[in-house]
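This is what each chain is made of:
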Amino acid sequence: MKTLILFLCCLSASLWSQEVTLENIGTFEGKIVTFCAPITGTYQTKGERKVTYLNFGKAYPDHSFTVVFFEKVLKTFSYDPLTLKGKQVCITGKVILYKEKPQIVLYDEKDLKVVD
């Protein structure tokens, strides 16, 4: 009986799981997801408080999704994330909407994995 219940739980979870893509990432607002895609643009603000943006999809301002992290996090990186343009990466974090576009705020380097 336990085996049957476990099987049904796994089956229902797999039926309800969705792949996170550029087209549907906005539907995951408030959820923690892992998203993989190539970075199509990078940008870092100037001045005292640097903010770094990694864009996905089309070029800014028509991008589909952004990963944002602040200077405090940037200082903990072992490499310069601005060099990742064109690389396939996987990001794990909570999807939020900012100005009607989905984004993830990155709090730790371990939540960004370079695939290639």
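Thresholds applied
Within every chain, residues take consecutive numbers counted from 1 along the sequence as written. Only residues with pLDDT of at least 70 get local features here, since the model is predicted, and only at 80 or more are side-chain atom pairs given and counted; chain-wide, interface and lining totals rely on the full set of residues. Hydrogen atoms and water are omitted, and side-chain values are computed over all heavy atoms in the structure. Put simply, a salt bridge is a Lys or Arg side-chain nitrogen that is within 4 Å of an Asp or Glu carboxyl oxygen. Accessible area is worked out with a 1.4 Å probe on protein chains only. A residue is then buried under 20% of its type maximum, exposed over 50%, and partly exposed in between. Numbering of helices and strands runs from the N terminus, with a helix taken as a DSSP run of H or I at least four residues long and a strand as a DSSP run of E at least two residues long. Confidence of the predictor at the level of single residues is given by pLDDT, which spans 0 to 100. In what follows, a contact means two residues having at least one pair of non-hydrogen atoms within 4.5 Å. DSSP calls a pair of strands paired once it identifies at least 2 bridges connecting them. By nonpolar core we mean a set of buried residues, namely Ala, Val, Leu, Ile, Met, Phe, Trp, Tyr and Cys, connected to one another through side-chain atoms within 4.5 Å.

Enquirer: Teacher, can you tell me more about the pattern of salt bridges here?
Expert: When their charged atoms lie close together, side chains carrying opposite charge are able to pair. One pass over the full model with this rule turns up one salt bridge. One salt bridge in this structure joins D111 and K110, with 3.5 Å as the shortest N-O distance. Judged by its relative accessible area of 52%, K110 falls in the exposed class.

Enquirer: How should the environment of L74 be read in this particular structure?
Expert: Relative to the elements of secondary structure, L74 occurs in helix α2 (residues 71–74). A residue is classified by how much of its surface remains accessible, and L74, at 17% relative accessible area, is buried. Separated by 24 residues in the primary sequence, L74 and K50 place their C-alpha atoms 8.4 Å from one another.

Enquirer: Would you mind going over the confidence of the model for the protein chain with me for this structure?
Expert: Low-pLDDT stretches of the model should not have their predicted coordinates read in fine detail. Across the protein chain, pLDDT averages 86, with 84% of residues at or above 70. Considering only residues more than four positions removed or in separate chains, one finds that residues 4–16, a stretch of pLDDT under 50, has zero contacts.

Enquirer: Would you take a moment to explain the pairing of strand β2 (residues 51–57) for this structure?
Expert: Consecutive side chains of a regular strand alternate in pointing toward one face of the sheet and then the other. Within β2, five of the seven residues are buried, leaving the element largely enclosed by the surrounding structure. With five bridges joining them, strand β1 (residues 32–44) and β2 adopt antiparallel strand pairing. Counterpart to G41 in the pairing with β2 is N55. As judged from the seven bridges shared by β2 and strand β3 (residues 63–70), these two strands associate in the antiparallel manner. Residue pairing across strands places V51 opposite F70, the latter belonging to β3. The turn linking β2 back onto β3 is made up of five residues.

Enquirer: So what exactly am I meant to see when it comes to the nonpolar core here?
Expert: If you look at soluble globular proteins, the nonpolar side chains tend to sit buried side by side. In this structure, F56, V67, F69 and I91 are the most contacted members of the largest nonpolar core, which totals 22 residues. The set of elements that each furnish at least two residues to this core consists of β1, β2, β3, α2 and β4 (88–98). Per-element tally for this core: the top contributor is β1, with four residues. Every residue in contact with I91, bar those within four places of it in the chain, is listed here: V33, T34, F35, F56, V67, I104, L106, D111 and L112.

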